[in-house]
Amino acid sequence: MAKIGHPIASMESAFTSLLFAQAAPSQGSPLSMLVPFVFIFVIFYFLLIRPARKRQKALDELVKNLKPGDRVATSGGIYGTVVAVTENRVQLRIADQVKVDVAKSAVTGLDESQ
C-alpha cells in the first residue's frame, strides 16, 4: 500500500514554490512597467484634477463677476449681500446697518437660499 503524504505539508510545499516563483525578477521591458503608472495618472486626472480645475474656474468667474445685490457666502461662514466691489475686497451687508469688508478670495459661492 502506498503511503499518502500529509495534506498540509503538500500545501506548504506548493505555497513555498509559488512564493519563490513570484519573487523571481521579471524580464519585462521598462515601457511595460511604466504603463500601469500612466494608467493610474490618467484615472487620477479625470477623477480628481480635472473636476477640481473646473470648480476653480467657475469660482474665479463668479468672483470676477460679483456685483452689488448678489447674496454670497464666505469661507468664514458669513452670509451677506454685496454692497460694493473693489479690486481685492468685497463689502458685505450682513445685517441692518452692519457692513463688513472681506477679501474676494473669501467668497465661496452664491447664497441661493432666498
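1. Comments concerning the overall build of the chain
- The number of helices and strands found in the chain is two helices and five strands.
- In sequence order, the secondary structure elements of the chain are arranged as α-α-β-β-β-β-β.
- A separation of at least 24 residues holds for 32% of the contacts in the chain among residues at least 6 apart in sequence.
- Just so you have it, the chain exposes about 9500 Å², and 63% of that area is on carbon and sulfur atoms.

2. Focus: the pattern of salt bridges
- With the rule as written, the count across this model stands at two salt bridges.
- In this structure, K67 engages D70 in a salt bridge whose closest nitrogen and oxygen atoms are separated by 3.3 Å.
- On the basis of relative accessibility, which here comes to 48%, the residue K67 falls in the partly exposed class.
- Taking the relative accessible area as the measure of exposure, D70 reaches 14% and is therefore buried.

3. A look at unusual backbone geometry
- Residue Q97 is not a glycine yet carries a positive backbone phi of 65°.
- Mapping Q97 onto the fold places it in the loop between β3 (89–95) and β4 (98–103).
- Owing to a relative accessible area of 81%, Q97 belongs among the exposed residues under this scheme.

4. Here we look at the sheet that holds β3
- Read across the open sheet, the five strands follow the order β4-β3-β2-β1-β5; overall the sheet is antiparallel. For this open sheet the edge positions go to β4 and β5 (107–110), each flanked by a neighbour on one side alone. Across the sheet, the mean angle from the axis of one strand to that of its neighbour is 45°, orientation sign disregarded.
- Across six bridges, β3 lies against β4 in antiparallel orientation.

5. Remarks on the packing of aromatic side chains
- By the definition in use, this model includes one aromatic pair.
- With 5.2 Å between their ring centres and 85° between their planes, Y45 and F46 make a pair best called edge-to-face.
- Note on Y45: relative accessible area 28%, which makes it partly exposed.

6. Notes on the confidence of the model for the chain
- Across the chain, the average pLDDT comes to 85, with 75% of residues at or above 70.
- The spread of mean pLDDT over the elements of the chain runs between helix α1 (residues 7–23), the lowest at 60, and β4, the highest at 97.

7. Some remarks on the environment of L110
- Mapped onto the elements, L110 comes out in strand β5.
- Ignoring anything within four residues of it in the chain, the contact list for L110 reads L62, D70, R71 and V72.

8. Focus on the environment of P68
- Structurally, the position occupied by P68 is in the loop between α2 (30–64) and β1 (71–74).
- A sequence separation of 17 residues divides P68 from V85, and the C-alpha atoms of the two residues are 7.3 Å apart.
- In this structure, P68 is in contact with V82 and V83, ignoring residues within four places of it in sequence.

Conventions adopted
- Residues numbered from 1 in each chain as written.
- Predicted model: local features only at pLDDT ≥ 70, side-chain atom pairs only at ≥ 80, totals over all residues.
- Heavy atoms only, no water.
- Helix = DSSP H or I, 4+ residues; strand = E, 2+ residues; numbered from the N terminus.
- Contact = heavy atoms within 4.5 Å.
- Areas by Shrake-Rupley, 256 points an atom, 1.4 Å probe, with all protein chains shown as cover.
- Salt bridge = Lys/Arg side-chain N within 4 Å of Asp/Glu carboxyl O.
- Buried < 20%, exposed > 50% of the residue type's maximum accessible area, 1.4 Å probe, protein only.
- Pairing = 2+ DSSP bridges.
- Axes fitted to C-alpha atoms, helices over the stretch in contact; angles between N-to-C directions.
- Phe/Tyr/Trp six-rings, centres within 6.5 Å; stacked < 30°, edge-to-face > 60°.
- pLDDT = per-residue confidence, 0-100.

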